[in-house]
Amino acid sequence: MSNTSCQIAVLISGGGSNLQSIIDHIQQGHIDASIACVISNNPNAYGLLRAKQANITTHIIEHENYATRETFDAELLKTLRVYNIKLIVLAGFMRILSPNFINEYQGKVLNIHPSLLPKYTGLHTHERALNANDAEHGCSVHFVTAELDAGPLIIQAKVNIKKSDSPESLAKRVLEKEHIIYPLTMKWFCEGRLELKASQVYFDNKPLEQAIILNSEHENELQ
Ligand code: GRF
């Protein structure tokens, strides 16, 4: 893969279906980027196998081996500095990053969260949306700041909740949308269309007043 394209690091902890979707979109030429490395804090993450199958360099940094969040993050930073990383993508990465980490990569870290933020930060979002009898649910991509799931929103995708939904069936439909909005956001970022300046998101040089809602035109951008 070319070294002049947008170099990305993907941080994972688990299955890595979002990682797979990113790999696929890059391979299909939809995003002008290359994944410099995949880092997991979990040595058993299935996503590591997905990365290896795609010939992507992997690093395992087990948080349990570090006494504090700061020393774990320092190791992450040391690993990342070897590369010329333009964008860090958190894809099911189950660790909170310290302000030190965020400061070094300000405006360059994205996260995906399975809810329509600001609703349902944290875990068990699908159960919580069902228990609240919500009519709709979805997922959000945002820039990462020091506060958990609270950085400026970029894009959201909505799904209608069905009466028959279980947390699993709902999670599956939300995940399908995640696999669209994350590559799309990365494409925009790598094309220079998306920027974070002083806590404000700019899209095509205009301040983004509210999250973009995924529509079919956006989806066509990934064809
Ligand atoms: C996704 O639902 C993501 O939104 C959340 O963790 C899950 C990761 O799934 N942060 P995967 O590992 O990408 O399959």
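Residues numbered from 1 in each chain as written. Predicted model: local features only at pLDDT ≥ 70, side-chain atom pairs only at ≥ 80, totals over all residues. Heavy atoms only, no water.

Q: So what about the pairing of strand β7 (residues 153-160)? Which residues, and what values?
A: Of the strand pairs in this sheet, strand β6 (residues 136-143) and β7 are connected by 7 bridges, and their pairing is antiparallel. Each bridged residue has a counterpart across the sheet, and for His142 the counterpart in β7 is Leu153. Here β7 pairs with strand β11 (residues 212-213) via 2 bridges, running parallel. From the neighbouring strand, Gln156 faces β11, where its bridge partner is Ile213. (Pairing = 2+ DSSP bridges. Helix = DSSP H or I, 4+ residues; strand = E, 2+ residues; numbered from the N terminus.)

Q: Could you give an account of the pairing of strand β4 (residues 87-90), with specific residues and numbers?
A: When a strand is regular, its side chains alternate between the sheet's two faces. The side-chain alternation of β4 yields two buried faces, one formed by Leu87 and Val89 and the other by Ile88 and Leu90. As paired elements, strand β1 (residues 6-12) and β4 share 4 bridges and run parallel to each other. Paired with Val10 across the two strands is Val89, which belongs to β4. Two elements, β4 and strand β5 (residues 109-113), share 3 bridges in a ladder whose sense is parallel. If you follow Val89 over to β5, its bridge partner there is Leu110. After leaving β4, the chain enters helix α4 (residues 99-104) and then returns to the sheet as β5, a path that is right-handed. (Buried < 20%, exposed > 50% of the residue type's maximum accessible area, 1.4 Å probe, protein only. Right-handed = clockwise from strand over helix to strand, strands pointing away.)

Q: For the sheet that holds β7, give the residues involved together with the corresponding values.
A: Pairing is mixed across the open sheet formed by 8 strands, whose spatial order is β3-β2-β1-β4-β5-β6-β7-β11. On the outer flanks of this sheet lie β3 (58-60) and β11, each paired with one strand and no other. Against the sheet, helix α1 (residues 17-27) touches β1, β2 (33-40), β4 and β5, its axis set at about 160° to β2. Across the face of the sheet, helix α3 (residues 69-81) comes into contact with β1, β2, β3 and β4 while running at roughly 150° to β2. (Contact = heavy atoms within 4.5 Å. Axes fitted to C-alpha atoms, helices over the stretch in contact; angles between N-to-C directions.)

Q: Outline the site of the ligand, listing residues and values.
A: Near the ligand, the surroundings consist of Gly15, Gly16, Ser17, Asn18, Gly92, Ile112, His113, Pro114, Leu175 and Glu178. At 2.9 Å, a backbone N or O of Asn18 approaches an oxygen atom of the ligand. Bound to the protein, the ligand loses 79% of the 370 Å² it would expose on its own. Those elements that place two or more of their residues in the shell around the ligand are α1, β5 and α6 (167-190). Taken together, the residues of the shell around the ligand sort by class into 3 nonpolar, 6 polar and 1 charged. Built from parts of two domains, the shell around the ligand gets at least three residues from each of domain 1 (1-105) and domain 2 (113-140 + 155-223). (Near = heavy atom within 4 Å. Polar contact = N/O pair within 3.5 Å; in protein donor to acceptor, adjacent residues only side chain to side chain. Areas by Shrake-Rupley, 256 points an atom, 1.4 Å probe, with all protein chains shown as cover. Nonpolar A, V, L, I, M, F, W, Y, C, P; charged D, E, K, R; others polar. Domains from an automatic or database assignment.)

Q: Before we move on, can you summarise the domain arrangement of the protein chain with the specific residues and values?
A: Often, the extent of an interface is quoted as the loss of accessible area upon association of its parts. Under the domain assignment, the protein chain is made up of domain 1 (1-105) and domain 2 (113-140 + 155-223). Averaged C-alpha coordinates put domain 1 and domain 2 at centres separated by 21 Å. Across the contact, 17 residues belong to domain 1 and 12 residues belong to domain 2. Both faces considered, domain 1 and domain 2 share a buried interface measuring about 1200 Å² in area, 70% of it formed by carbon and sulfur atoms. Connecting domain 1 to domain 2 are 0 salt bridges. Run the count over domain 1 and domain 2 and you get 5 residue pairs in polar contact (both at pLDDT 80 or more). Those elements that place two or more of their residues in the side of domain 1 that touches domain 2 are β1, α1 and β4. Looking at the side of domain 1 that touches domain 2 element by element, the count peaks at 5 residues for α1. The residue makeup of the side of domain 1 that touches domain 2, split by class, is 10 nonpolar, 5 polar and 2 charged. (Buried area = accessible area lost by both parts, 1.4 Å probe. Salt bridge = Lys/Arg side-chain N within 4 Å of Asp/Glu carboxyl O.)

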